[in-house]
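Below, each chain spelled out in residue letters.
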Amino acid sequence: MTHDHPDTPARAASRPFGRLITAMVTPFTADGALDLDGAARLAAHLVDEQGNDALVLNGTTGESPTTTDAEKERLVRAVVEAVGDRARILAGVGTNDTRHTIELAAAAEKAGAHGLLVVTPYYNKPPQAGLLRHFTAVADATGLPVMLYDIPHRAGVPIETETLVRLAEHGRIVAVKDAKNDLTATSWVTSRSSLAFYSGDDSCTLPALAVGCVGVVGTSTHFTGVQTKRMIEAYDAGDNAAALALHRQLLPLYTGIFRTQGVILVKAGLTATGLPAGPVRSPLVDATADQLAQLRADCAAAGLALPE
């Protein structure tokens, strides 16, 4: 049973985007065009059926490397119109070019986004002084709250502890999607700042809660949202045994969704379920029959059924 109790004012302030956030895939039509009707239906499913408090659009799981700036803006508008009255919509705007990121941030704000997800600039590997300047410039550019995305294994560089603590001094930098998988570093930042940390790795959500994280930005949560939110609520309520049992139950899918790029398997699973998804765009490739069979097995091991 889910006990959906309201946050106290202090607790709500520490969770600017709620407990459960899914990095939503971007539905395409069969010929690869943007499917705005499908995006609206998928967003409604994730909010109304899977219990998401917020959604991230135009992240890597949303295939942001292969969607145009215009498509990104149109997607935000469509999803805000569909669910923006009952969920927070964060727009992924991160690039490795500060000027381009600011342009995307301004477009997202104009389209109605409630917040921004800004990933560490990738490939050009800026020093920490460059990261500080980049994130500050983006946060200065709009009136929206910012969630930083720390994912060194993709970006090439981490956002170091001291950099995060300094960034936390900015009034609009309020949260971090933490995919660093370094709970010691996370502990230091949560103990020295008011940044709201969200696990950026589904399987690390429960241990991350123990060191001060407040929720998750998930991928498997396209399917595990209800159970994952229940796990976070159980931990909040002090029922560690129930939280651990749910973590162990969901672990096969928390990890299995990343046997290949998460978006590939999420889209395969959504299609099997009859929900909007469509194909992935090149250079990604759609799931094979064997990968879909393995996904079904991972779902079954997690106590979830994926239709044949």
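Residues numbered from 1 in each chain as written. Predicted model: local features only at pLDDT ≥ 70, side-chain atom pairs only at ≥ 80, totals over all residues. Heavy atoms only, no water.

Visitor: Lay out the side chain of K72 in plain terms, naming residues and giving numbers.
Guide: With respect to the helices, strands and loops of the structure, K72 is situated in helix 3 (residues 69-83). Although K72 is buried, it forms no salt bridge, and the closest oppositely charged side chain is D69 at an N-O distance of 4.7 Å. Within polar-contact distance, the side chain of K72 engages the backbone oxygen of S64 at 2.8 Å. Setting aside residues no more than four positions away along its own chain, K72 makes contact with N58, S64, T67 and L104. (Helix = DSSP H or I, 4+ residues; strand = E, 2+ residues; numbered from the N terminus. Buried < 20%, exposed > 50% of the residue type's maximum accessible area, 1.4 Å probe, protein only. Lys, Arg positive; Asp, Glu negative; His and termini not counted. Salt bridge = Lys/Arg side-chain N within 4 Å of Asp/Glu carboxyl O. Polar contact = N/O pair within 3.5 Å; in protein donor to acceptor, adjacent residues only side chain to side chain. Contact = heavy atoms within 4.5 Å.)

Visitor: Now, about the nonpolar core: what can you tell me, with residues and values included?
Guide: In terms of nonpolar packing, the biggest core is built from 63 residues, with M24, L55, V79 and L148 touching the most fellow members. With 6 residues, helix 12 (residues 262-273) is the single largest residue contributor to this core. Once residues lying within four places of it in the same chain are set aside, the contact partners of V79 are M24, A39, A43, L55, L57, G84 and I89. F17, A54, Y149 and Y198 belong to the second-largest nonpolar core, a separate cluster that totals 17 residues. (Core = buried A, V, L, I, M, F, W, Y, C linked by side-chain atoms within 4.5 Å.)

Visitor: Talk me through the packing of helix 11 (residues 240-256) against helix 13 (residues 289-301); I want residue IDs and the actual numbers.
Guide: A packed helix pair is summarised by two numbers, namely the angle formed by the two axes and the spacing between the axes. Between helix 11 and helix 13, the shortest axis-to-axis distance is 7 Å and the interhelical angle comes to 155°. Considering the angle they form, helix 11 stands roughly antiparallel to helix 13. Contact residues: Q249, P252, L253 and G256 in helix 11; L295, D298, C299 and A301 in helix 13. Of the residues assigned to the contact of helix 11 with helix 13, the class counts are 5 nonpolar, 2 polar and 1 charged. (Axes fitted to C-alpha atoms, helices over the stretch in contact; angles between N-to-C directions. Parallel < 35°, antiparallel > 145°, perpendicular 65-115°, else oblique. Nonpolar A, V, L, I, M, F, W, Y, C, P; charged D, E, K, R; others polar.)

Visitor: Can you tell me about the packing of aromatic side chains, naming the residues and giving the values?
Guide: Counted under the stated rule, the structure contains 0 aromatic pairs. Between R281 and the ring centre of F28, over which it is positioned, the NZ or CZ distance is 4.1 Å. (Phe/Tyr/Trp six-rings, centres within 6.5 Å; stacked < 30°, edge-to-face > 60°. Lys NZ or Arg CZ within 6 Å of the ring centre and 35° of its normal.)

Visitor: Give me the lowdown on the environment of L253, citing residues and values where you can.
Guide: Secondary-structure assignment places L253 in helix 11. For the pair L253 and A234, spaced 19 residues apart in sequence, the C-alpha separation works out to 20 Å. If we ignore the near neighbours within four places in the chain, the residues touching L253 are S220, F223, T224, L295, D298, C299, A302 and L304.

Visitor: Run through the UniProt feature "active site" (unreviewed entry) in the protein, naming residues and quoting values.
Guide: In this structure's numbering, the residues bearing the UniProt feature "active site" (unreviewed entry) are Y149 and K177. In terms of the greatest pairwise C-alpha distance, the residues named above, spread along 29 residues, form a tight cluster of at most 4.7 Å across. Inspection of the secondary structure puts Y149 in strand 5 (residues 146-150). Apart from residues lying up to four places away in sequence, Y149 is in contact with L117, V118, V119, T120, I159, K177 and A179. (UniProt positions renumbered as here; feature names shortened; annotations may be inferred.)

Visitor: Hey, could you go over the UniProt feature "site: Part of a proton relay during catalysis" (unreviewed entry) in the protein for me, with residue numbers and the actual values?
Guide: In this structure's numbering, the residues bearing the UniProt feature "site: Part of a proton relay during catalysis" (unreviewed entry) are T60 and Y123. Summarising the element assignment, T60 is placed in the loop between strand 2 (54-57) and helix 3. Here Y123 is to be found in the loop between strand 4 (115-119) and helix 5 (128-141). By relative accessible area, which is 73% here, Y123 ends up exposed. Y123 has contacts with N96 and A155, leaving out every residue within four places of it along the chain.

Visitor: I'd love a proper account of empty space enclosed by the protein, names of residues and values included.
Guide: Under the defined criterion, the tally for this structure stands at 1 cavity of 30 Å³ or more. Here the largest cavity defines a volume of roughly 40 Å³. Taken together, D150, L164, D178, K180, D182, A185, T186, V189 and F197 make up the lining of the largest cavity. By residue number, the principal contributor to the lining of the largest cavity is helix 8 (residues 183-192), which donates 3 residues. Of the residues assigned to the lining of the largest cavity, the class counts are 4 nonpolar, 1 polar and 4 charged. (1 Å grid on protein atoms, 1.4 Å probe; cavity = no way out; pocket = protein on both sides within 12 Å on 5 of 7 lines; lining within 4 Å. Points joined across faces, edges and corners; volume = space filled by probe spheres on them.)

Visitor: Explain the sheet that holds strand 4 residue by residue, including any values.
Guide: The 8 strands lie next to each other as 1-2-3-4-5-6-7-8, forming a closed barrel whose pairing is parallel. Averaged over all pairs of adjacent strands, the angle between strand axes in this sheet comes to 25°, irrespective of strand direction. Looking at chain direction, strand 1 (residues 20-23) and strand 2 are connected through 3 bridges and run parallel. By the bridge assignment for strand 2, T22 is matched with L55. Most of the contacts of helix 5 go to strand 4, to which it runs at about 165°, and overall it touches strand 4, strand 5 and strand 6 (173-178). The strands touched by helix 10 (residues 221-236) within the sheet are strand 1 and strand 8 (215-218), with strand 1 carrying the most contacts at an inclination of about 160°. (Pairing = 2+ DSSP bridges.)

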